[in-house]
Amino acid sequence: MTNNNLDIVDKLAMGIGGGLIILAIPVMGFLTTITGSMSAFYTYTVMEGGEAVTKTGVGPAIPAGAEIVNAPLFAPNLRATLVLLGLVVFALYGAYKAFNTTDATTEHRTTIPAEE
Amino acid sequence: MSTQHVDTNVLGTDVSLSFDKPWAAYWMFFIRVLTGWWMMHAGLTKIMENGLMMPASGVTWFMQDQTSILYPLMDAFSGSLLPIVQFMIPVGEFLVGLGVILGCLTRLAAFNGAILAAFFYFGNHAWGHGLWTGELAGMLLFITIAIFGAGRIWGVDQILEKLRFVQQRPWMRYLMG
């Protein structure tokens, strides 16, 4: 097995940072879709000019009096928060690496000719 | 940390890349799963709503958009060939997304994903969403996945490429990777 010297911080950043984003977008997205929500957002009807108009949106933007037709399995803002947390983990990891660079780096050099 | 340096020459200029090997592999997997889900979700929702064939009304407006620079090509498919488009959009999106997520026939899937994204990009009515759109970003991501052969990272292609059947047919590796 190739030893690529991932330390615990690398593994935590990969697992938690990427894990949160993959959980929020593809995993929760798949569960939302197969439970019948074609959109990640709330679908609601609201009366406009005497006619019922169907729209999609997130909780705070849904007008009072609107009738919720379909609610996704997971609130969109919950999923967005998980994405944000994942990105924060990546950002913290980047800052940690920037300030903790060591000399114990294994370097490999590959020369690839442009034309063979 | 394990750093990989790549020295090469691009169009007469010596260049040197330097990146962390495990993070590069991990990030290609990450891009693969998220980009694949983008396309798979588009196909899955269409299939769940309308089955394997999109309604003709759902594609004719797109095929007959005279503001698109691909109008002559798309218009040619808006007549008797329209059922091909009605089938290929939902099923193509779903299979491209599934293939890219699973890393199965990754280059074939990513190439077709880029083609689909290109049609959606150039079908941007009168460039109402601008010249830089999510479809252009998606197309670039699919091309990146194909160039780097991202399916070898926790993907089915990692297994397929070890099969004798594939190793005896080197051209097949252009479909995988």
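Residues numbered from 1 in each chain as written. Chains lettered and ligands numbered in written order. Predicted model: local features only at pLDDT ≥ 70, side-chain atom pairs only at ≥ 80, totals over all residues. Heavy atoms only, no water.

### A short note on the overall build of chain B
Piece 1. On a plain count of helices and strands, chain B comes out with eight helices and two strands.
Piece 2. Starting at the N terminus and ending at the C terminus, chain B contains elements arranged as β-β-α-α-α-α-α-α-α-α.
Piece 3. C-alpha extents for chain B along the principal axes are approximately 55 × 40 × 30 Å.
Piece 4. If you take every contact in chain B between residues at least 6 apart in sequence, the share linking residues at least 24 apart comes to 64%.
Piece 5. About 9300 Å² of surface is accessible on chain B, with carbon and sulfur atoms providing 70% of the total.
Piece 6. Side chains of chain B carry 9 positive and 10 negative charges; the gap between the two charge centres is 17 Å. (Helix = DSSP H or I, 4+ residues; strand = E, 2+ residues; numbered from the N terminus. Contact = heavy atoms within 4.5 Å. Areas by Shrake-Rupley, 256 points an atom, 1.4 Å probe, with all protein chains shown as cover. Lys, Arg positive; Asp, Glu negative; His and termini not counted. Charge placed at Lys NZ, Arg CZ, Asp CG, Glu CD.)

### A look at the sheet that holds strand β3 (residues 67–70) of chain A
All names here are of chain A.
Piece 1. The strand order across the open sheet built from three strands is β2-β1-β3, with neighbouring strands paired in antiparallel fashion. On the outer flanks of this sheet lie β2 (51–57) and β3, each paired with one strand and no other. Each strand of the sheet is rotated relative to its neighbour by a mean of 35°, with strand direction disregarded.
Piece 2. Here strand β1 (residues 42–48) pairs with β2 via seven bridges, running antiparallel. Looking at the pairing, Glu48 lines up with Glu51 of β2. (Pairing = 2+ DSSP bridges. Axes fitted to C-alpha atoms, helices over the stretch in contact; angles between N-to-C directions.)

### Regarding the interface of chain A and chain B
How big an interface is tends to be expressed through the accessible area that disappears when the partners come together.
Piece 1. Between chain A and chain B, the residue contacts involve 31 residues of the former and 26 residues of the latter.
Piece 2. When the two sides are added together, the surface that chain A and chain B hide from each other amounts to roughly 2600 Å², 64% of it contributed by carbon and sulfur.
Piece 3. If you look at where chain A meets chain B, you find zero salt bridges.
Piece 4. Across the chain A-chain B interface, the total number found is five residue pairs in polar contact (both at pLDDT 80 or more).
Piece 5. Looking at the side of chain A that touches chain B, the elements with two or more residues in it are α1 (8–34), α2 (76–99) and β4 (106–112) of chain A.
Piece 6. Broken down by element, the side of chain A that touches chain B gets its largest block of residues, 13 residues, from α1 of chain A.
Piece 7. Broken down by class, the residue content of the side of chain A that touches chain B amounts to 16 nonpolar, eleven polar and four charged. (Buried area = accessible area lost by both parts, 1.4 Å probe. Salt bridge = Lys/Arg side-chain N within 4 Å of Asp/Glu carboxyl O. Polar contact = N/O pair within 3.5 Å; in protein donor to acceptor, adjacent residues only side chain to side chain. Nonpolar A, V, L, I, M, F, W, Y, C, P; charged D, E, K, R; others polar.)

### What to know about the pattern of salt bridges
Piece 1. This structure, assessed with the given rule, holds six salt bridges over all chains.
Piece 2. The salt bridge partner of Lys97 of chain A is Asp10 of chain A, with a shortest N-O separation of 3.7 Å. Here Asp10 of chain A lies in helix α1 and Lys97 of chain A lies in helix α2, a separation of 87 residues in the sequence.
Piece 3. The partner of Arg173 of chain B in a salt bridge is Glu161 of chain B, with the nearest N and O atoms 3.3 Å apart. Of the two residues, Arg173 of chain B sits in the segment after α8 (164–167) while Glu161 of chain B sits in the loop between α7 (156–160) and α8, which places them twelve residues apart along the sequence.
Piece 4. Residue Arg173 of chain B is classed as partly exposed on the basis of its relative accessible area of 36%.
Piece 5. Several salt bridges converge on common partners, so that one network encompasses Asp7, Asp10 and Lys97 of chain A. (Buried < 20%, exposed > 50% of the residue type's maximum accessible area, 1.4 Å probe, protein only.)

### Let's talk about helix α2 (residues 56–63) of chain B
All names here are of chain B.
Piece 1. Of the residues making up α2, those classed as buried are Val59, Phe62 and Met63. Within α2, the buried residues cover an arc of 95° as seen down the axis, which keeps them to one side. Of the residues in α2, the exposed ones pointing more than 90 degrees away from the buried face are Ser57 and Trp61.
Piece 2. Turning to α2, the residues buried within the fold contact α3 (71–76), α4 (82–102) and α5 (106–122). (Arc of directions from axis to C-beta.)

### Quick look at a nonpolar patch on the surface
Residues and elements named next belong to chain B.
Piece 1. On the surface, Leu52, Met53, Leu73, Phe77, Leu81, Ile84, Phe87 and Met88 cluster together into a nonpolar patch covering about 660 Å² of accessible area.
Piece 2. Among the elements that line the nonpolar patch, the one with the most residues is α4, at three residues.
Piece 3. Looking at the secondary structure, you find Phe87 in helix α4.
Piece 4. For Phe87, a relative accessible area of 33% corresponds to the partly exposed category. (Patch = residues over 30% accessible without salt bridge, like charges linked within 9 Å, V, L, I, M, F, W, Y side chains within 5 Å.)

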